[in-house]
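Listed below, chain by chain, are the residues.
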Amino acid sequence: MRIAFVSMYTEQRRTDGATRRTRRTAELLAARGHDVTVLCAQWWEGDVPEFEQNDVTYVAVTETPSVGSFASKLPFALRRVKPDVIHAANSPPSHVTAAKTAARFLRTPVVVDWWTEREEDSTGASKRAARAAKRVVTPSRMVKTHVREYGVAEEAVRVVPESIDFDLVRESDVDSRADMVYARDIDEHANVESFFLALAELRDRDWRAAVVGDGPELDAAKQTAAELRIDDRVEFLGDLPPEEFVPIMKGARVFAQTAAVEPFATNLLWALACGCVGLVEYQARSSAHELVENCDRGVRVTSPQELAREIAVAARADDMTVNEAFADYDHSTVVQRYVDCYTEAIEDYGFF
């Protein structure tokens, strides 16, 4: 299948949840033998219009990110690629409507992968983008509800979660340096303070904690830990690849999920697969609680005090380093759900 991804921003230029999801999906599809092209703003050096990385072909629609210029040039780039299906990131939304314009001439369906709107995306443009798609893919039920509020029909939306390498979970060693782990980009939505307040409630107990992640609020997080007089027992590890943080999660007992904004809590998923007890502080703009519904090793809390109590309870839980209940989130299973969605969209055009 020839698949054209439309994403002006790529992870190589701008790292966030949406660009990470786009890159991972494109590379997983390419690894399965699909012909994958990403139409984007150029992020590589030199004058060459295309660049291949990990079996994915990146085509420069514009030399630099420019919403208007990218949207105007996109239909011509899509005509050159001649894809069987167009997979468009929802932001910027004008690129979805531009892709839809090209799709009418190419008789090609558009599937929009909806993560979240960026600050510069207008509500009206996002609504038009949502309604332009043949299918809308969301990472969680929370995001699906949001998209449905834009007028998208129930039958047009598919929930396709983030995925993990479950073989890595099974095969990794165990690193027991921490009893409790927090992992996320440390930005304005991280809310790591809730985790630290819970730890401060338990300062008279014996524990070690690790924070995995980096970001603009990291120094403030370190300062908070120091002010709460727990910094001597909290290790800040920075960004780690899965090969390094999976052993740490396998050795931990608790994973704390407190972020205020989370379209899909990927690090929580890793932790649950590694046998951690997942403690999720409910947040209105986070879908993390969906992962612990009907989960024996997951609890939803509403405050740092309740989080502290549940950490104490989790200390008595059985040891576990692999939770097979989350094997269906393996890369191979999840990427097939994308393929099924593409096939459905193509069949609606009467090609198959």
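Each value, and the rule that gives it
- Residues numbered from 1 in each chain as written.
- Predicted model: local features only at pLDDT ≥ 70, side-chain atom pairs only at ≥ 80, totals over all residues.
- Heavy atoms only, no water.
- Helix = DSSP H or I, 4+ residues; strand = E, 2+ residues; numbered from the N terminus.
- Rg over C-alpha atoms; globule rule 2.2 N^0.38 Å.
- Contact = heavy atoms within 4.5 Å.
- Lys, Arg positive; Asp, Glu negative; His and termini not counted.
- Charge placed at Lys NZ, Arg CZ, Asp CG, Glu CD.
- Patch = residues over 30% accessible without salt bridge, like charges linked within 9 Å, V, L, I, M, F, W, Y side chains within 5 Å.
- Areas by Shrake-Rupley, 256 points an atom, 1.4 Å probe, with all protein chains shown as cover.
- Salt bridge = Lys/Arg side-chain N within 4 Å of Asp/Glu carboxyl O.
- Core = buried A, V, L, I, M, F, W, Y, C linked by side-chain atoms within 4.5 Å.
- Buried < 20%, exposed > 50% of the residue type's maximum accessible area, 1.4 Å probe, protein only.
- Pairing = 2+ DSSP bridges.
- Axes fitted to C-alpha atoms, helices over the stretch in contact; angles between N-to-C directions.

In the annotation of an unreviewed UniProt entry, the chain is listed under the name Glycosyltransferase and assigned to Halopelagius longus.

**Q** What's the story with the overall build of the chain in this structure? I'm lost.
**A** What the chain contains, in helices and strands, is 13 helices and 16 strands. Taking 352 residues into account, the globule formula puts the C-alpha radius of gyration at 20 Å, and the chain, at 21 Å, falls close to it. When the backbone C-alpha atoms are referred to their principal axes, the chain occupies close to 70 × 40 × 35 Å. The long-range share in the chain, meaning contacts at least 24 apart out of those at least 6 apart in sequence, stands at 69%. With 42 positive and 59 negative side-chain charges, the chain shows a spacing of 7 Å between the two charge centroids.

**Q** What is the right way to read a negative patch on the surface from this model?
**A** Judged by side-chain charge, Glu119, Glu188, Glu193 and Glu217 come together as a negatively charged surface patch. Relative to the helices and strands, Glu188 is located in the loop between strand 9 (180–183) and helix 7 (192–201).

**Q** I keep staring at the nonpolar core and nothing clicks. Help me out?
**A** Considering soluble globular proteins, one finds that nonpolar side chains tend to be buried as a cluster. Ranked by size, the top nonpolar core spans 35 residues in total, and within it Met249, Phe255, Leu268 and Trp270 carry the most contacts. Mapped onto this core, the elements with two or more residues apiece are helix 6 (166–171), strand 9, strand 10 (209–212), helix 9 (242–251), helix 10 (266–273) and helix 11 (289–292). With six residues, helix 10 is the largest single contributor of residues to this core. Residues in contact with Leu268, not counting those within four places in the same chain, are Phe255, Gln257, Gly278, Val280, Ala288 and Leu291.

**Q** What am I meant to see in the side chain of Arg135 here?
**A** Topologically, Arg135 is positioned in strand 7 (residues 135–138). Given a relative accessible area of 9%, Arg135 falls into the buried group. Ignoring sequence-local partners within four residues, the contact set of Arg135 consists of Val110, Val111, Val112, Glu155, Ala156, Arg158, Cys341, Glu344, Ala345 and Asp348.

**Q** Is there a simple way to explain the sheet that holds strand 7 in this structure?
**A** Hydrogen bonding along the main chain pairs the strands of a sheet, whether they run parallel or antiparallel. Across the sheet, eight strands lie side by side as 3-4-2-1-5-6-7-8; this open sheet has mixed pairing. In the strand order of this sheet, the two ends are held by strand 3 (50–53) and strand 8 (157–159), each with one partner. Shown here is a sheet whose adjacent strand axes are inclined to one another by a mean of 25 degrees, direction ignored. Both strand 1 (residues 2–6) and strand 2 (residues 35–41) contribute to a ladder of five bridges, which runs parallel. Bridging from a neighbouring strand, Val6 pairs with Leu39 of strand 2. Packing against the sheet, helix 2 (residues 67–81) makes contact with strand 1, strand 2, strand 4 (56–62) and strand 5 (85–89), and its axis sits at approximately 160 degrees to strand 2.

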